[in-house]
Amino acid sequence: MRRGATASPKRDVVTVSMLVLAGPFLATSRPVTVVIGALFVAVGVYGTVESLVAAASAYLDV
């Protein structure tokens, strides 16, 4: 069983970085860079959900 709220703090840093990096890409008018920004958001949201599930399962001791 995992200890603590998340399995990997480094992964959480990468998740936050992805969400922060998405902003400038989404603010452009070029479709290619907007797609890259959307991918950053997708990875960031996936990491956030995964971390929340890990925290909830550690809290609920599942």
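In this report, the structure presented in the accompanying data block is examined. All values reported here derive from a predicted model rather than from experimental measurement. (Residues numbered from 1 in each chain as written. Predicted model: local features only at pLDDT ≥ 70, side-chain atom pairs only at ≥ 80, totals over all residues. Heavy atoms only, no water.)

### Some points on the overall build of the protein chain
So, step 1. A count of helical and extended segments in the protein chain gives 2 helices and 0 strands.
So, step 2. Out of the 62 residues belonging to the protein chain, those deemed buried represent 15%.
So, step 3. When the accessible area of the protein chain is evaluated, it comes to approximately 4,600 Å², of which 74% is carbon and sulfur surface. (Helix = DSSP H or I, 4+ residues; strand = E, 2+ residues; numbered from the N terminus. Buried < 20%, exposed > 50% of the residue type's maximum accessible area, 1.4 Å probe, protein only. Areas by Shrake-Rupley, 256 points an atom, 1.4 Å probe, with all protein chains shown as cover.)

### Regarding a nonpolar patch on the surface
So, step 1. A grouping of Leu 19, Leu 26, Val 41, Val 45, Val 49 and Val 53 is seen on the molecular surface, where their side chains present a nonpolar patch of about 450 Å² in accessible area.
So, step 2. If you list the elements that add at least two residues to the nonpolar patch, you get α1 (9-26) and α2 (31-60).
So, step 3. With 4 residues, the single largest contributor to the nonpolar patch is α2.
So, step 4. Look at Val 45 and you get partly exposed, because its relative accessible area is 43%. (Patch = residues over 30% accessible without salt bridge, like charges linked within 9 Å, V, L, I, M, F, W, Y side chains within 5 Å. Salt bridge = Lys/Arg side-chain N within 4 Å of Asp/Glu carboxyl O.)

### With respect to the side chain of Thr 15
So, step 1. Turning to its location among the elements, Thr 15 is positioned in helix α1.
So, step 2. Given the relative accessible area of 8%, Thr 15 is considered buried.
So, step 3. Not counting residues up to four positions away in its chain, the partners in contact with Thr 15 are Gly 44, Gly 47 and Thr 48. (Contact = heavy atoms within 4.5 Å.)

### A look at the side chain of Thr 33
So, step 1. For Thr 33, the position within the fold is in helix α2.
So, step 2. Judged by its relative accessible area of 14%, Thr 33 is buried.
So, step 3. Of note is the side chain of Thr 33, whose polar atom sits 2.9 Å from the backbone oxygen of Arg 30.
So, step 4. Apart from residues lying up to four places away in sequence, Thr 33 is in contact with Phe 25 and Thr 28. (Polar contact = N/O pair within 3.5 Å; in protein donor to acceptor, adjacent residues only side chain to side chain.)

### Overview of α2
Quick reminder: α-helices carry 3.6 residues per turn. Residues three or four places apart thus point the same way.
So, step 1. Under the 1.5 Å per step criterion, the end-to-end length of α2 is 43 Å for 30 residues, consistent within 8% with the ideal 44 Å.
So, step 2. Turning to α2, its buried residues are Thr 33, Gly 37, Phe 40, Gly 44, Gly 47, Ser 51 and Ala 54.
So, step 3. Packing partners of the buried residues in α2 comprise α1.
So, step 4. Asp 61 sits one or two residues past α2 and shows a positive phi near 60 degrees. (Expected span 1.5 Å × (residues − 1).)

Everything listed is a geometric property; what it means functionally is a separate question.
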